[in-house]
Amino acid sequence: DANQPMLILVDLDGLKLINDKYGHARGDELLRAFARALQEFKIDHVTSFRLGGDEFAIFARKHHEAILRDKLQAIERSLGAQGFAESGVSFGVAFASESSAAAEMFNAADRRMYETKTLKRTGRHPVVPLS
């Protein structure tokens, strides 16, 4: 079902490194740059939130998956171009059809986000197929 709810959990890679290396003001600049980029998602029925720290959530419909993946990858490149070379964007996607409760959907997206983060840390780039 292309209209089923989708959750994307996003983690900014490298925030701690930037805070430690350049100070918290620079880390805050990274958070603001990312939040501004998320606000530019002018797509109907797509909503994003900061969960806390360097974690964000995006609620959308499954039919938005490809465009949101592309936009998150574009944001990652943009952050590098803005001087945040140590940063990155890791995300995990989950769908309502996979879960019987919201907590299960959250946990699936969270697990997938951390799997992506781990692959990136080991130098392997995740290949995440569309559902």
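Residues numbered from 1 in each chain as written. Predicted model: local features only at pLDDT ≥ 70, side-chain atom pairs only at ≥ 80, totals over all residues. Heavy atoms only, no water.

K.L.:
Which residues make up the overall build of the protein, and what values do they have?
P.N.:
Scanning the protein from N- to C-terminus turns up 4 helices and 4 strands. Walking the protein from its N terminus toward its C terminus, one meets helices and strands in the order β-α-α-β-β-α-β-α. Its C-alpha radius of gyration of 15 Å places the protein within 12% of the 14 Å reference for a compact globule of 131 residues. The 131 residues of the protein split such that 38% are buried. Within the protein, contacts between residues at least 6 apart in sequence are counted, and of these 67% link residues at least 24 apart. Accessible surface, the protein as shown: approximately 7,400 Å² in total, 53% of it carbon and sulfur. Of the charged side chains in the protein, 18 are positive and 18 negative; the average position of the first set lies 3 Å away from that of the second. (Helix = DSSP H or I, 4+ residues; strand = E, 2+ residues; numbered from the N terminus. Rg over C-alpha atoms; globule rule 2.2 N^0.38 Å. Buried < 20%, exposed > 50% of the residue type's maximum accessible area, 1.4 Å probe, protein only. Contact = heavy atoms within 4.5 Å. Areas by Shrake-Rupley, 256 points an atom, 1.4 Å probe, with all protein chains shown as cover. Lys, Arg positive; Asp, Glu negative; His and termini not counted. Charge placed at Lys NZ, Arg CZ, Asp CG, Glu CD.)

K.L.:
I'd like a description of the nonpolar core, backed by residues and values.
P.N.:
Core analysis: the largest hydrophobic core is formed by 27 residues, its most contacted members being I8, V10, F34, I58, L68, L72 and L79. Contributing elements (two or more residues each) for this core: β1 (5-13), α1 (15-22), α2 (24-39), β3 (55-61), α3 (65-81) and β4 (88-95). When residues in this core are grouped by element, the largest group, 6 residues, is from α2. Leave out the neighbours within four places in its chain, and I8 touches F56, A57, I58, L68, L72, F91, G92 and V93. (Core = buried A, V, L, I, M, F, W, Y, C linked by side-chain atoms within 4.5 Å.)

K.L.:
Could you give an account of unusual backbone geometry, with specific residues and numbers?
P.N.:
Phi at H45 takes a positive value of approximately 65°, unusual for a residue other than glycine. In this fold, H45 is placed in the loop between α2 and β2 (47-52).

K.L.:
Describe in detail the pattern of salt bridges, supporting the description with residues and values.
P.N.:
Scanning the entire structure with this criterion turns up 10 salt bridges. The partner of K16 in a salt bridge is D20, with the nearest N and O atoms 2.7 Å apart. A residue pair is termed a helical-turn pair when its members lie 3 or 4 positions apart in one helix, as K16 and D20 do in helix α1 at 4 residues. D20 carries the same exposure label as K16, and that label is exposed. Of the charged contacts, one joins R26 and E29 as a salt bridge, the two residues approaching to 2.7 Å between their closest N and O atoms. In this pair, R26 and E29 both sit in helix α2, 3 residues apart, roughly one turn of the helix. According to the relative accessible area criterion, E29 is partly exposed, its value standing at 34%. What emerges from the salt-bridge pattern is a single network uniting D11, D13, E76, K117 and K120. (Salt bridge = Lys/Arg side-chain N within 4 Å of Asp/Glu carboxyl O.)

K.L.:
Which residues make up a nonpolar patch on the surface, and what are the values?
P.N.:
Together, F49, L51, F59 and F106 give the surface a local cluster of nonpolar side chains, amounting to about 360 Å² of exposed area. By the element assignment, F49 lies in strand β2. (Patch = residues over 30% accessible without salt bridge, like charges linked within 9 Å, V, L, I, M, F, W, Y side chains within 5 Å.)

K.L.:
Give me the lowdown on the packing of aromatic side chains, citing residues and values where you can.
P.N.:
With the rule as written, the count across this model stands at 2 aromatic pairs. Ring centres of F34 and F56 lie 4.8 Å apart, and the angle between their planes is 65°; on these two criteria the pair is classed as edge-to-face. In this pair, F34 sits in helix α2 while F56 sits in strand β3, placing the two residues 22 residues apart along the sequence. As far as the burial class goes, F34 and F56 line up, both buried. Summarising the aromatic geometry, the rings of F49 and F59 are spaced 5.8 Å apart at their centres and angled 70° between planes, so their arrangement reads as edge-to-face. With F49 in strand β2 and F59 in strand β3, this residue pair connects regions lying 10 residues apart in the sequence. Taking NZ or CZ as reference, K62 lies 5.0 Å from the ring centre of F95, over its face. (Phe/Tyr/Trp six-rings, centres within 6.5 Å; stacked < 30°, edge-to-face > 60°. Lys NZ or Arg CZ within 6 Å of the ring centre and 35° of its normal.)

By themselves, these are just geometric observations and shouldn't be taken as functional.
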